[in-house]
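Summary of structural features
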Amino acid sequence: MACSSSCINCLLVAEIGLGLIGFGIFFTFLAVILFFDRGLLALGNILWLTGVALLLGWYSTWKLFTDRSNYKGSGCFLLGLFFIFVRWPVVGIIVELYGCIALFGGFWPTVKAFLGQIPVLGWIIQYPLMVRFT
């Protein structure tokens, strides 16, 4: 089966985007462990945002953050990023987490359906106690 070079390039860009998202989450986690190190939090946020932009595409990322229904999540995420840059990392990470939940809240049913397909995790998610929380 032959693939065009543009198809392969799109897959490579998506893989790079996933890698940047992973590194962004890793640096953010490391920054929290190291008592909210401001430099690592900023680096994690920059890597995460760049990874999302590469994974979704620049236009789709712009539409995600500027959609009228996502203003609250986008504003909280950017406000949290601002707090991190002005040396209030604890407040910044809390506001950013709320922004991420508000911004990507519509994706939770899709994530739950995907996690339900994983053998052990799917069995745990289907317990009655877990169904109430998800």
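An unreviewed UniProt entry annotates the chain as Vesicle transport protein GOT1B originating from Xanthoceras sorbifolium. On record in UniProt, under Sequence similarities (unreviewed entry), the comment for the chain is "Belongs to the GOT1 family." In its Subcellular location (unreviewed entry) section, the UniProt entry covering the chain states "Golgi apparatus membrane".

1. Looking at the confidence of the model for the chain
Overall, the prediction assigns the chain a mean pLDDT of 85, with 91% of residues at 70 or greater. The spread of mean pLDDT over the elements of the chain runs between helix α8 (residues 128-133), the lowest at 59, and helix α4 (residues 71-85), the highest at 93.

2. Let's talk about unusual backbone geometry
Unlike most non-glycine residues, Phe35 shows phi in positive territory, near 60 degrees. Note on placement: Phe35 falls in the loop between α1 (5-33) and α2 (38-56). Exposure remark for Phe35: the relative accessible area of 76% places this residue in the exposed category. Phi angles above zero are rare outside glycine, and Phe36 is one such case at about 55 degrees.

3. Some points on the side chain of Glu96
Along the chain, Glu96 turns up in helix α5 (residues 89-103). In this structure Glu96 is buried but unpaired, with Arg38 as the nearest side chain of opposite charge at 12 Å. Apart from the residues within four sequence positions on either side, Glu96 is in contact with Asn45, Cys76, Phe77, Gly80, Leu81 and Ile84.

4. Brief notes about the side chain of Asn45
Following the sequence through the fold, Asn45 ends up in helix α2. Those residues in contact with Asn45 that lie beyond four places of it in its chain are Thr28, Phe77, Leu81, Ile84 and Glu96.

5. Considering the packing of α2 against α4
A pair of packed helices can be characterised by two numbers: the angle between their axes and the separation between those axes. For the pair α2 and α4, the least separation of the axes is 9 Å and the interaxial angle reads 150 degrees. Like other packed secondary-structure pairs, α2 and α4 cross with a definite hand, here left-handed. Residue-level contacts link Arg38, Leu41, Ala42, Asn45, Trp48 and Leu49 of α2 to Phe77, Leu81, Ile84 and Phe85 of α4. Grouping the amino acids of the contact of α2 with α4 by side-chain chemistry returns 8 nonpolar, 1 polar and 1 charged.

6. Description of the packing of aromatic side chains
A ring pair, where both rings are aromatic, is described by two values, the distance of the centres and the angle of the planes. Counting across every chain of the model gives 7 aromatic pairs. Pairing Phe82 with Phe83 gives two aromatic rings, centres 6.1 Å apart and planes at 45 degrees, and the pair type is tilted. Given a relative accessible area of 48%, Phe82 falls into the partly exposed group. An aromatic cluster of at least three residues, connected via ring pairs, comprises Trp48, Phe65, Phe77, Phe104 and Phe107.

Calculation rules
Residues numbered from 1 in each chain as written. Predicted model: local features only at pLDDT ≥ 70, side-chain atom pairs only at ≥ 80, totals over all residues. Heavy atoms only, no water. UniProt positions renumbered as here; feature names shortened; annotations may be inferred. pLDDT = per-residue confidence, 0-100. Helix = DSSP H or I, 4+ residues; strand = E, 2+ residues; numbered from the N terminus. Buried < 20%, exposed > 50% of the residue type's maximum accessible area, 1.4 Å probe, protein only. Lys, Arg positive; Asp, Glu negative; His and termini not counted. Salt bridge = Lys/Arg side-chain N within 4 Å of Asp/Glu carboxyl O. Contact = heavy atoms within 4.5 Å. Axes fitted to C-alpha atoms, helices over the stretch in contact; angles between N-to-C directions. Left-handed = near helix turned anticlockwise from the far one by under 90°. Nonpolar A, V, L, I, M, F, W, Y, C, P; charged D, E, K, R; others polar. Phe/Tyr/Trp six-rings, centres within 6.5 Å; stacked < 30°, edge-to-face > 60°.

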